[in-house]
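Tertiary structure, described
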Amino acid sequence: MNIPITSFPRIIIIGGGFAGIALAKKLSKQEVQVVLLDKNNYHNFQPLLYQVSTGGLEPDSIAYPIRKVLKDFPNFHFRLANVTEVDAKSNTVITDIGNLKFDYLVVASGSKTNYFGNADVEKYSMAMKTIPQSLNLRSLILENFEDALLTSDLNERNALMNFVIVGGGPTGVELAGALAEIKKGILPKDYPDLDTRSVQINVIQSSDCILKGMSAKASQKAEDFLEKLGVHVWKNVRVSNYDGKTVTTNTDLTFEAATVVWAAGVKGAIIKGLDAEEFVSRGNRLLVNEFNQVKGYTHIFAIGDIACISNNDFPKGLPMMAQPAIQQGKQLGNNLLLLIDEKPMKPFVYKDKGAMATIGRNKAVVDLPKFKFQGAFAWYVWMFVHLFFLIGFRNRMVVFINWVYNYVRFDREARLIIRPFKKKRKI
């Protein structure tokens, strides 16, 4: 890997997400050597992936080069690599570009889509966890409308214009709201010779409410917003299979759909070598203590989505969101410096700053620790918070300008099929 030898302790960070970047920043300008490994050379702002999928934003406005984030930090090294294994006995990280020894290892590998063992769903549905996946979904959505123009088969046309989103969490709700706005404001202009009133948007939720982690009021208000936009919300319904053509459920409900987006869950992106049963929680996350040390180790840590750190409020582990990841990254940075200096570390304490979701134009729900509100003001708060956490002044300006333009013109300029994508299906 051509990492220089140094007398400083070497800290390897696997993953350039919210947790990994927060930790690297905290260790900047300290007397440690930091090596960050990631299979992408950019940090991806995942909360806005749905806007890439629906043509609201181009991918470069929510991604930022990792090297640029940390370019002014001495003793920092980034390598584009796919980590295949961790050899804890020899303190070595094994990658597709070579091996590297560490003094301290921090696993911040994040999460991936959880299909709960359903091979057909994994094969035929669409995920939305990465920028390439979001671009694929954008292409598929637009291609389906183009195909709907060409077919004379009414059933096939309806299936091409039927969208099923499995999962009523923030990702599913925000995507459904964006699709509903496209149906209302864009499709009639782009496809005047297509009856876009036939477009169906369905959200399937296995529990009795959407946005389950938020307050009951936020959940109900979000459902009201979706229904006003024409979205069908199906609660207490569990998808049992999808064969590329038909969605079957545990009820009598079935859906003929060419586009199924799986947003029903995620699991930790475990790395070989740390995947033994005693290290892993139910959600495929690494079990860690209050200092984020992986169970059984004092020099291997895990932070972010991959880490299962529980407390009285979150007995199954902290939510797999940006705030816990950022807070863990910052705290671990301080603790690693204390550990190197042979001083006692401080336990991690999560400060819940609330949750929010947007359902569309002037429609959002916000749950803060002391205040809960919905509607237009919540929408402005949602926009401000997301702009604040975007990395890079350019990205903030590009996203802000796009949002203003989209708001004034009721348009989404990035509805482009840059690279055609064909998902396997039986239609």
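To start, this report covers the structure provided alongside it.

Attention now goes to the overall build of the chain. Scanning the chain from N- to C-terminus turns up 12 helices and 24 strands. Counting over 427 residues, the chain shows a buried share of 54%. Of the accessible surface of the chain, which amounts to about 19800 Å², a share of 52% is contributed by carbon and sulfur atoms.

Note: strand β7 (residues 92-95) against strand β8 (residues 98-101), four bridges, orientation antiparallel. Counted as the bridge partner of T92 is K101 from β8. Linking β7 back to β8 in an antiparallel pair, the connection comprises two residues.

Glancing now at the sheet that holds strand β14 (residues 239-242). If you trace the three strands from one edge of the open sheet to the other, you get β14-β15-β16, paired in antiparallel fashion. Strands with a single pairing partner mark the edges of an open sheet, and in this sheet they are β14 and β16 (254-256). Adjacent strand axes in the sheet meet at a mean angle of 15°, parallel and antiparallel pairs treated alike. Relative to strand β15 (residues 246-249), β14 runs antiparallel, the two sharing three bridges. When the bridges of β15 are listed, N241 appears paired with T248.

Right, let's get into the side chain of T246. You can see T246 is positioned in strand β15. A polar side-chain atom of T246 sits 2.9 Å from a polar atom in the side chain of E256. Discounting residues that sit within four places of it in the chain, T246 has contacts with N241, T254, F255 and E256.

So, about the sheet that holds strand β9 (residues 104-107). As a general point, the strands of a sheet are linked pairwise by backbone hydrogen bonds and lie either parallel or antiparallel. The strand order β5-β2-β1-β9-β20 describes an open sheet built from five strands, whose pairing is parallel. Here the strands that pair on one side only, and so sit at the sheet edges, are β5 (76-80) and β20 (300-302). The sheet shows a mean angle of 20° between the axes of neighbouring strands, direction not considered. As paired strands, strand β1 (residues 10-14) and strand β2 (residues 33-38) are joined by five bridges and run parallel to one another. Note that in β2 the partner of I12 across the bridge is V35.

Here is what the cut-offs are and how they apply
Residues numbered from 1 in each chain as written. Predicted model: local features only at pLDDT ≥ 70, side-chain atom pairs only at ≥ 80, totals over all residues. Heavy atoms only, no water. Helix = DSSP H or I, 4+ residues; strand = E, 2+ residues; numbered from the N terminus. Buried < 20%, exposed > 50% of the residue type's maximum accessible area, 1.4 Å probe, protein only. Areas by Shrake-Rupley, 256 points an atom, 1.4 Å probe, with all protein chains shown as cover. Pairing = 2+ DSSP bridges. Axes fitted to C-alpha atoms, helices over the stretch in contact; angles between N-to-C directions. Polar contact = N/O pair within 3.5 Å; in protein donor to acceptor, adjacent residues only side chain to side chain. Contact = heavy atoms within 4.5 Å.

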